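Structural features, examined
Okay, here's what each chain looks like letter by letter:
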Amino acid sequence: MKKLFILLNIIFMGAIVFPQISVRGGMGINFISTPTLRDYLNDGHFAPINNQVATFNTAINFSGEVDFRAAQSYELGVEVAYLYNSFTYSPSGGRYELSYSNVMPTIVNYYVIDGQGYNFKFGGGLGLRFASINELREFTQNSNNYSSVGFGILLRAMGNTSLGGNVYANITGDIRYDLNGTPKNNGNPILDPTFGNNVNLNSLSVGISLGITYIF
């Protein structure tokens, strides 16, 4: 308890001595691997032979973040990212659709290197993951929604270059490992009949995004 109190005091005093706050917004692409979902689509005869889901496929990612300078070379950040991906097939003349999303709030710790008109940040963090799957099977009218809660780990490298004043162009590179759990609908998961296991959204991804940072 005493150590926690000391840590909170250090962060609080750092926020007074180094009151710099930055806000970032960005959009990018993640190259993501979701093994059990890939097997379900490929071996469940949803994805045709000539259009199989690859080991890594692309998903879109939107993110917003607020960081504050707690020490000369240390920043503490809070990010909320949203990842989305979808698949559409017509395996038997009907229409099959599956989309998934992940809301990813993360507390991030950064080591900061400042320069004239630029800075670099290197860090990592942890956070909860709120994943969901929406599945519409062919020849049906209503889709099924599945959801789960998990956690994830983030490693990040970021660069900001001044565009003039307090506005900076931002480029961010991420590596994420997310244990998103098994999405369920009323307690029922998606069962992969080929392998006899439940489909989850556990994933490994590498992403890059571009955006704008405003430093107060």
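Further up the page is the structure itself.
Here's what I pulled together on the structure shown here. (Residues numbered from 1 in each chain as written. Predicted model: local features only at pLDDT ≥ 70, side-chain atom pairs only at ≥ 80, totals over all residues. Heavy atoms only, no water.)

So, about the overall build of the protein chain. Looking only at helices and strands, the protein chain has two helices and 12 strands in total. Reading the secondary structure of the protein chain in the N-to-C direction produces α-β-α-β-β-β-β-β-β-β-β-β-β-β. Judged by the C-alpha coordinates and their principal axes, the protein chain covers about 65 × 45 × 25 Å. Split into buried and exposed, the 216 residues of the protein chain put 41% on the buried side. (Helix = DSSP H or I, 4+ residues; strand = E, 2+ residues; numbered from the N terminus. Buried < 20%, exposed > 50% of the residue type's maximum accessible area, 1.4 Å probe, protein only.)

Here we take up the environment of phenylalanine 56. Topologically, phenylalanine 56 is positioned in the loop between α2 (35-43) and β2 (57-71). We classify phenylalanine 56 as partly exposed; its relative accessible area is 39%. C-alpha of phenylalanine 56 to C-alpha of asparagine 200: the two residues are 144 residues apart in sequence and 16 Å apart in space. Setting aside anything within four residues of it in sequence, one finds phenylalanine 56 in contact with Phe31, Ile32, Ser33 and Leu204. (Contact = heavy atoms within 4.5 Å.)

To continue, consider the packing of aromatic side chains. Taken as a whole, this structure holds four aromatic pairs when the rule is applied. Where phenylalanine 46 meets tyrosine 96, the ring centres are 4.1 Å apart and the plane angle is 15 degrees; that geometry is what we call stacked. Of this pair, phenylalanine 46 sits in the loop between α2 and β2 while tyrosine 96 is found in strand β4 (residues 96-115), placing the two residues 50 residues apart along the sequence. Tyrosine 96 gets classed as buried once you look at its relative accessible area, which sits at 0%. On the basis of an interplanar angle of 70 degrees and a centroid distance of 4.8 Å, the ring pair of tyrosine 214 and phenylalanine 216 is categorised as edge-to-face. With relative accessibility at 35%, the residue tyrosine 214 sits in the partly exposed group. Ring-pair connections join several aromatic residues into one group, and the members of that group are Tyr40, Phe46 and Tyr96. The ring of tyrosine 110 carries lysine 121 above its face, with NZ or CZ at 5.4 Å from the centroid. (Phe/Tyr/Trp six-rings, centres within 6.5 Å; stacked < 30°, edge-to-face > 60°. Lys NZ or Arg CZ within 6 Å of the ring centre and 35° of its normal.)

Here the focus is the nonpolar core. In this structure, Leu37, Tyr40, Leu41, Phe87, Leu98 and Tyr100 are the most contacted members of the largest nonpolar core, which totals 22 residues. Every element with two or more residues in this core is listed here: α2, β3 (74-89), β4 and β5 (118-136). What phenylalanine 87 contacts, discounting residues up to four positions off in sequence, is Leu37, Leu41, Val53, Asn57, Tyr96, Glu97, Leu98 and Tyr100. Within the second largest apolar cluster, five residues are counted, among which are Val108, Tyr110, Val112 and Met158. (Core = buried A, V, L, I, M, F, W, Y, C linked by side-chain atoms within 4.5 Å.)

Bridge count for β5 against strand β6 (residues 144-164) is 18 bridges, and the pairing is antiparallel. Following the sheet pairing, glycine 127 is matched in β6 by glycine 152. In textbook terms, the turn of a hairpin is the stretch between consecutive antiparallel strands, and for β6 and strand β7 (residues 167-179) this stretch comprises two residues, one of which, glycine 165, has a positive phi near 65 degrees. (Pairing = 2+ DSSP bridges.)

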